[in-house]
Amino acid sequence: MPNTLDQFPLFETLCLENGIIANLSQHQYRYEQTAKACFAKAELIDLASFFAKQRLPMQGLFRLKFAYSATAYQWQIFPYQRRQFKRFVCVNGDHLDYRYKWTNRQALNALFAKRGIADEILIVKNGLITDCSIGNLVFQQGNRYFTPRIPLLAGTQRASLLVKGKLTTADIAPQNLTDFEKIFVINALNPLP
């Protein structure tokens, strides 16, 4: 198998649950925008048509990883179990640029290694909380839900919730964390409960 980091520098993570791929139009949009921004010329495919031709499990929760370059792609499927996050720690990510979903996650992994006994990190950039190592963040305040105005990566789950009016964007600094009752991690495989 080729070295994925070199041959397929970008990827999309999709959620397949009971035979249905969630937020497929959001993934298609991000895939197209990223490919156009990162490659001089990209040969794009329609993800819905592609996955409709594949033999996919019809029961259970799975993570689909679609890795790609300008002219080629590969995909893999893995069983997935959602995780619980109870303890978070803030880490400085001023140096981090992750506006595209790179296969090389070395910088994110280095920050995650600083978590100590916490379950997950809150990446702080320019004094504001952005994301965690595996997704976007949602902060609950009563019956309102807030997400950082400037994320590291504009996630598909976040985009879907914003379009539906379930989230409000806000600047959230570490010192504001006591204003919220709960923190949720959202990504393609972890929706807002």
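The structure under discussion appears in the preceding block.
Remember, predicted model here, so these are calculated numbers, not experimental data.

What follows concerns the sheet that holds strand β7 (residues 128-129). Two strands in a sheet stick together by hydrogen bonds in their backbones, pointing the same way (parallel) or opposite ways (antiparallel). With respect to topology, three strands assemble into an open sheet ordered β5-β6-β7, the strand pairing being mixed. At either end of the open sheet lies a strand with only one pairing partner, and these are β5 (88-92) and β7. Bridging between β5 and strand β6 (residues 120-125) involves five bridges; their strand directions are parallel. The residue bridging N92 from the neighbouring strand is V124, located in β6.

All told, the structure shown has four salt bridges when counted by the stated rule. A salt bridge links E12 to R30; its shortest N-O distance comes to 2.8 Å. Taken together, the positions of E12 in strand β1 (residues 10-17) and R30 in helix α2 (residues 24-38) put the pair 18 residues apart, joining distant regions of the chain. No difference in accessibility class separates E12 from R30, as the two residues are buried. With a closest N to O distance of 2.8 Å, R99 and D97 form a salt bridge. Overall, D97 belongs to the partly exposed group, its relative accessible area being 44%.

Glancing now at the packing of α2 against helix α5 (residues 156-163). Where α2 contacts α5, the two axes come as close as 9 Å, and the packing angle between them is 120°. The angle between α2 and α5 falls in the class oblique. Of the two possible hands of crossing, α2 and α5 adopt the one that is right-handed. Together, Q26, H27 and R30 of α2 and T156, A159, S160 and V163 of α5 make up the contact between the two elements. Taken together, the residues of the contact of α2 with α5 break down into two nonpolar, four polar and one charged.

Definitions and limits used
Residues numbered from 1 in each chain as written. Predicted model: local features only at pLDDT ≥ 70, side-chain atom pairs only at ≥ 80, totals over all residues. Heavy atoms only, no water. Pairing = 2+ DSSP bridges. Helix = DSSP H or I, 4+ residues; strand = E, 2+ residues; numbered from the N terminus. Salt bridge = Lys/Arg side-chain N within 4 Å of Asp/Glu carboxyl O. Buried < 20%, exposed > 50% of the residue type's maximum accessible area, 1.4 Å probe, protein only. Axes fitted to C-alpha atoms, helices over the stretch in contact; angles between N-to-C directions. Parallel < 35°, antiparallel > 145°, perpendicular 65-115°, else oblique. Left-handed = near helix turned anticlockwise from the far one by under 90°. Contact = heavy atoms within 4.5 Å. Nonpolar A, V, L, I, M, F, W, Y, C, P; charged D, E, K, R; others polar.

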